[in-house]
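So the chains spell out like this:
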Protein chains: 2
Amino acid sequence: MRAPVLKTPRRESKTVDRTSYEPAYAQIVRILSEEIATGILHPGDQLPSEAQLRARFFVSPMTIRRAINILVERGLVSAAQGKGTFVRSLDIGEAVFRLQELKEHWINGDETAVRLLEASIVSLDERAADRLAAPAGSRGIYIRRLVLRESTPAMYHREYLIYDPSRPLVEAQLQITSLTGLLQGQGGEGLRRGNLTMEAVNLDEEEALVLQVPVNSSAFSLEHTFYDFDDRPVSWGKFICRADIFVMTARIGAEVNL
Amino acid sequence: MRAPVLKTPRRESKTVDRTSYEPAYAQIVRILSEEIATGILHPGDQLPSEAQLRARFFVSPMTIRRAINILVERGLVSAAQGKGTFVRSLDIGEAVFRLQELKEHWINGDETAVRLLEASIVSLDERAADRLAAPAGSRGIYIRRLVLRESTPAMYHREYLIYDPSRPLVEAQLQITSLTGLLQGQGGEGLRRGNLTMEAVNLDEEEALVLQVPVNSSAFSLEHTFYDFDDRPVSWGKFICRADIFVMTARIGAEVNL
DNA sequence: TAGTGGTCTAGACCACTTA
DNA sequence: AAGTGGTCTAGACCACTAG
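Below is a summary of the structure that appears in this document. Here the residue numbers are simple positions, counted from 1 along each chain's written sequence. Here the convention is simple: chains get letters from A, ligands get numbers from 1, in the order in which they are written. Where local features are concerned, this predicted model is filtered to residues with pLDDT of at least 70; where side-chain atom pairs are given and counted, the filter is 80 or more; whole-chain, interface and lining totals use all residues. For side-chain calculations, the full set of non-hydrogen atoms in the structure is used, while hydrogens and water are omitted.

## A short note on the overall build of chain A
In step 1: Along the backbone of chain A there are eight helices and ten strands.
In step 2: In chain A, which comprises 258 residues, the proportion classed as buried is 46%.
In step 3: Any two residues whose heavy atoms approach within 4.5 Å are treated as being in contact. Here the analysis covers contacts within chain A between residues at least 6 apart in sequence; of these, 62% occur between residues at least 24 apart. Runs of E in the DSSP output that reach at least two residues are strands. Runs of H or I that reach at least four are helices, and both are numbered from the N terminus. Relative accessibility thresholds used throughout: buried, under 20% of the residue-type maximum; exposed, over 50%; partly exposed, between the two (1.4 Å probe, protein chains only).

Following this line, the structure appears as structure tokens:
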């Protein structure tokens, strides 16, 4: 007969399950995160050394290293060469807000449409010319779009593009009719990098009219500049997002059941 | 005599410099990022297989894997088992805004001060009680702070705390006089995790008065809830940030000289 | 000097995709 | 079946910190 199995192991540490589909490094990340979340490991505490963790989890050094690196990237611990690895206390600065939220919430399931309001050739005003590193008064493309969510105006997009018939950027831009297309792969493959800024603004008359809210309502302004492979700006514009629809979220600290 | 060195090698690929202090994996990340940034590798292109990259950079499989993983995390490439690794096109959804910016810009060098406006025991109103998972009308701590930057009001912080004399949280909170203390290690080591939301708001009369801007001005509202190790909310409040001071930035795509 | 984290190797095995 | 990415091993050497 087999020895009876203890139902409640006394303080036995969790270790990795080699039969699981979850990789060993991910299990170690999860287990250590849980110990931080439940207070077994408190902020300021030193984690066991890599050698000790290796012995506990029965894995090779590289596997432990990988797990620790992930915890460092997540801001849960900090590692100092020669000293040790320590649990960090909660830090608001670790919070990150991702625009990915926007895509996920709006694209999946909900009815979202992009309406092209205007597309015309214009003479670039001083500000737009400056942002596009072009001479003031030179020709550009001006595009206005409205993103509707369940028939409600949600985002108002205005964009200036460098006018260059030799580039397919404009044609590609004009064919965008979905939010996915609007947010990713702008101009297909001709863009290399982009700068984005986000600030809170008061809506002017035109913006308020388009978004169907009172003048002076607050909104998010997401300004963007995209550059081509020669590092020249080719697109500058702003997404004006209704504040009542557009809320960003972030989490800090250790998560359980992630 | 040595053979003359070619000043301009014909299309020779860069490889890793083993004498550099920069780790091999980081050099590989940098080199591949540059090739994406300069268009040598275009969006949609397949990267050389790991075996090929191994041969080019004269490193072991793990080192290549680590470099690729970093490129994936940065959103520059996507890897598919059995198919290959491909250069991604620009995607706004990859943008991340970090609150870390706030600390870096404000703490270093610039004169920043935290002024305690109020700290009192109150009866929690319905909303605060709900957020703190406490009965409406139960006792709580109410704290108001003003963050000044070069003598200009920049952030207005209001916070409700669970009233619990047995916990040192309140005392720790009241002693916060620096922005660093305000943003990290709130309540020392008693907090496990936090939820944050950010939205654009119009300032009410009180907020406008404190921040010395017109009523109805737009502002960022950074709302936070912090939980203890028993997963009970202990702190709920908002940072109201003047829009003209608080601008967040993000970058997407391949960076050179990072 | 002993202990810590940081990097790297040269293989191995597996899962997945495509042909 | 061949090629791809994904994981893991069992060592090694190095840089840094502390007593």
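## As for the protein's contact with DNA strand C
In step 1: Throughout, the term near means that a residue has one or more heavy atoms lying within 4 Å of the molecule or strand in question. Taken together, 24 residues are adjacent to DNA strand C, and Glu-50, Met-62 and Arg-65 of chain A together with Ala-24 and Thr-63 of chain B come closest.
In step 2: The sugar and phosphate moieties of DNA strand C supply 70% of its atoms located within 4 Å of the protein.
In step 3: For DNA strand C, a base nitrogen lies 2.9 Å from a polar atom in the side chain of Gln-81 of chain A.
In step 4: Polar contact criterion, stated in full: a pair of N or O atoms within 3.5 Å, where within protein one must be able to donate a hydrogen and the other to accept it, and residues adjacent in sequence count only if both atoms are side-chain atoms. One of the backbone N or O atoms of Ala-24 of chain B is found 2.3 Å from a phosphate oxygen in DNA strand C.
In step 5: Elements represented by at least two residues in the surface near DNA strand C include exactly α3 (61–73), β1 (77–80) and β2 (84–87) of chain A together with α1 (24–37) and α3 (61–73) of chain B.
In step 6: Counting residues per element, the surface near DNA strand C draws most heavily on α3 of chain B, at four residues.
In step 7: Classification used: nonpolar for Ala, Val, Leu, Ile, Met, Phe, Trp, Tyr, Cys and Pro, charged for Asp, Glu, Lys and Arg, polar for all others including Gly. Each residue belonging to the surface near DNA strand C can be placed in one class, and the counts come to ten nonpolar, nine polar and five charged.

## Some words on the sheet that holds strand β4 (residues 112–123) of chain A
In step 1: Reading across from one edge, β4(A)-β5(A)-β6(A)-β9(A)-β8(A)-β7(A)-β10(B) is the order of the seven strands in this open sheet, with antiparallel pairing throughout. Taken across any chain shown, the strands that pair with only one partner, and hence form the sheet edges, are β4 of chain A together with β10 (248–253) of chain B. Recorded for the sheet is a direction-independent mean angle of 15° between the axes of neighbouring strands.
In step 2: Strands qualify as paired when DSSP identifies two bridges or more between them. As defined by bridge partners, strand β7 (residues 191–202) of chain A adjoins β10 of chain B across six bridges and the pair is classed as antiparallel. Looking at the pairing, Arg-193 of chain A lines up with Gly-253 of chain B of β10 of chain B. Comment: axis = line fitted to C-alpha atoms, over the contacting stretch for helices; angle = value between 0 and 180 degrees taken between N-to-C directions.

## Brief notes about the interface of chain B and chain A
In step 1: The interface of chain B with chain A comprises 61 residues on the first partner and 62 residues on the second.
In step 2: Carbon and sulfur atoms supply 58% of the area that chain B and chain A bury against each other, a total of about 4900 Å² over both sides.
In step 3: Summed over the three residues of chain B that lose the most area to chain A, namely Leu-90, Ile-92 and Phe-97 of chain B, the buried surface amounts to 15% of that side.
In step 4: The term salt bridge refers to a pairing of a side-chain nitrogen on Lys or Arg with a carboxyl oxygen on Asp or Glu at a separation within 4 Å. If you look at where chain B meets chain A, you find zero salt bridges.
In step 5: Put simply, the parts of the chain that give the side of chain B that touches chain A at least two residues each are α1, α3, β3 (96–98), α4 (100–107), β7 (191–202), β8 (218–228) and β10 of chain B.
In step 6: The dominant element in the side of chain B that touches chain A, judged by the number of residues it contributes, is β7 of chain B, at twelve residues.
In step 7: Here the side of chain B that touches chain A is composed, by residue class, of 30 nonpolar, 20 polar and eleven charged. Buried area is a sum: the accessible area each of two parts loses on coming together, probed at 1.4 Å, counted once for each and added.

## A look at the protein's contact with DNA strand D
In step 1: DNA strand D sits among 24 residues. The nearest are Ala-24, Ser-60 and Thr-63 of chain A together with Glu-50 and Arg-65 of chain B.
In step 2: A share of 70% is what sugar and phosphate atoms reach among the atoms of DNA strand D within 4 Å of the protein.
In step 3: A distance of 2.8 Å is found between a phosphate oxygen of DNA strand D and a backbone nitrogen or oxygen belonging to Ser-60 of chain A.
In step 4: Put simply, the parts of the chain that give the surface near DNA strand D at least two residues each are α1 (24–37) and α3 of chain A together with α3, β1 (77–80) and β2 (84–87) of chain B.
In step 5: Of the residues forming the surface near DNA strand D, the biggest block, four residues, is contributed by α3 of chain A.
In step 6: A breakdown of the residues in the surface near DNA strand D according to their chemical character gives ten nonpolar, nine polar and five charged.

## Some remarks on the packing of aromatic side chains
In step 1: To pair, rings of Phe, Tyr and Trp, with the six-membered ring standing in for Trp, must have centres within 6.5 Å; the planes then decide the type, stacked if under 30 degrees apart, edge-to-face if over 60, and tilted in the middle. On inspection of all chains with the given rule, the structure shows seven aromatic pairs over all chains.
In step 2: The interplanar angle of 75° and the centroid separation of 5.1 Å between the aromatic rings of Phe-220 of chain A and Phe-246 of chain A together place this pair among those described as edge-to-face. You can see Phe-220 of chain A sitting in strand β8 (residues 218–228) and its partner Phe-246 of chain A sitting in the loop between β9 (233–242) and β10 (248–253), a full 26 residues away along the chain. Each of the two residues, Phe-220 of chain A as well as Phe-246 of chain A, counts as buried.
In step 3: For a Lys NZ or an Arg CZ to count as sitting over a ring, it must be within 6 Å of the ring centre and within 35 degrees of the ring normal. Positioned above the aromatic ring of Tyr-227 of chain B, the side-chain terminus of Arg-193 of chain B is 3.9 Å from the ring centre.

## Section: the environment of Ile-240 of chain A
Residue and element names in this part refer to chain A.
In step 1: Counting through the fold element by element, Ile-240 comes out in strand β9.
In step 2: The buried category is assigned to Ile-240, whose relative accessible area is 1%.
In step 3: Separated by 181 residues in the primary sequence, Ile-240 and Val-59 place their C-alpha atoms 51 Å from one another.
In step 4: Filtering out sequence-adjacent residues up to four positions away, Ile-240 remains in contact with Ala-154, Met-155, Tyr-156, Arg-158, Leu-203, Glu-207, Leu-211, Ala-219, Phe-220 and Ser-221.

## Examining the relation of the copies chain B and chain A
In step 1: Copies are brought into register by a least-squares superposition over C-alpha atoms of residues with pLDDT of at least 70 in both. For the pair chain B and chain A, the relating rotation is 180°, the translation along its axis is 0.0 Å, and the fit reaches an RMSD of 0.0 Å. On this basis, the relationship between the two copies can be described by a two-fold rotation axis.
In step 2: The overlap is high: 100% of the interface residues of chain B also sit at the interface in chain A, so the same surface is used on both sides.

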